[in-house]
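Below are the chains, spelled out letter by letter.
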Amino acid sequence: MNIVLLGPPGAGKGTVAALLKKELDVPHISTGDIFRENIKNGTELGKKVESIMASGALVPDDVTVELVKDRLSKDDVKNGYILDGFPRTIAQAEALSFFADIDAAVCFVLSDEEIIKRLSGRRICKSTGKIYHIVSNPPKVDGIDDETGEPLIQRDDDKPEAIKHRLEVYQASTAPLIEYYSGKGLLKNIDASVSPEEVLASVVAALKA
Ligand code: AP5
């Protein structure tokens, strides 16, 4: 099954995708994670996108589409995949339709108030990408990754100005995808305000329906 995860920044797409990939046994492909990995490794792509991402703006469509097209040409996606953070614009969705058949677009629904709480409290492990929250999902030792023992960091785009900009960008560029996938009969809205395990259960039920 080829699935797209839609929804505002901080709605829990990455957290639930980490659970869903085990449930479905398919890869989780997050464009945000791929860009962050490139920034960490100092690649040309990383240098190109670093300041764009820190500001909360979108990376240009052509760069992102090429990246996903290449990723979906690998053997491990033969039995399906979870696309998280792509497509982000109508142009990306239209480009995707030329090289992929999407079976479902799952949209995480959450209020702006809850999004801001989730993003401002998020901490991540830079080397593994593991996601924490200082209140709802804290590490065992304050500020330290449970597995690697490394200090947790706050993403540059989780600072207040960038969060505000990301929410504006979401409304202007990404929210239209809800209608786009609804028009194709693929949209499944999910209440993302409950625990990650409950969100996962709703997603699995919606995919089976
Ligand atoms: P990306 O990394 O895709 O960011 P995003 O879509 O803004 O999503 P987030 O990662 O912020 O949130 P999430 O929904 O995954 O929430 P999470 O599970 O972490 O993109 C970053 C940037 O890359 C973009 O701004 C852009 O510059 C660029 N980019 C990426 N893709 C692009 C594209 N296609 N085109 C152009 N540019 C692109 O959870 C958030 C917090 O909430 C965590 O602390 C978590 O612990 C907590 N939490 C999660 N679920 C729950 C729950 N159910 N209950 C309580 N707390 C929860």
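Located above this text is the structure these notes cover.
So, here's what we can say about the structure. This one's a predicted model, so the numbers in the text were calculated from it and none came from an experiment. (Residues numbered from 1 in each chain as written. Predicted model: local features only at pLDDT ≥ 70, side-chain atom pairs only at ≥ 80, totals over all residues. Heavy atoms only, no water.)

## Quick word on the site of the ligand
For the ligand, the set of nearby residues contains 34 residues, the closest of which are Thr15, Ala57, Arg122, Arg166 and Val194. Note that a nitrogen atom of the ligand is positioned 3.2 Å from one of the side-chain N or O atoms of Ser136. Computed on the free molecule, the ligand has an accessible area of 1000 Å², of which 95% lies beneath the protein chains in the complex. Broken down by secondary-structure element, the contributors of at least two residues to the shell around the ligand are α1 (13-24), α2 (31-40), α6 (112-120) and β6 (131-133). When residues of the shell around the ligand are assigned to their parent elements, the largest contribution, four residues, is made by α2. Looking at the shell around the ligand residue by residue, the class counts come to 14 nonpolar, twelve polar and eight charged. (Near = heavy atom within 4 Å. Polar contact = N/O pair within 3.5 Å; in protein donor to acceptor, adjacent residues only side chain to side chain. Areas by Shrake-Rupley, 256 points an atom, 1.4 Å probe, with all protein chains shown as cover. Helix = DSSP H or I, 4+ residues; strand = E, 2+ residues; numbered from the N terminus. Nonpolar A, V, L, I, M, F, W, Y, C, P; charged D, E, K, R; others polar.)

## A short note on the environment of Lys188
Relative to the assigned elements, Lys188 resides in strand β7 (residues 187-191). When its relative accessible area of 21% is taken as the criterion, Lys188 is described as partly exposed. With 182 residues separating them along the chain, Lys188 and Leu6 place their C-alpha atoms 9.6 Å apart. (Buried < 20%, exposed > 50% of the residue type's maximum accessible area, 1.4 Å probe, protein only.)

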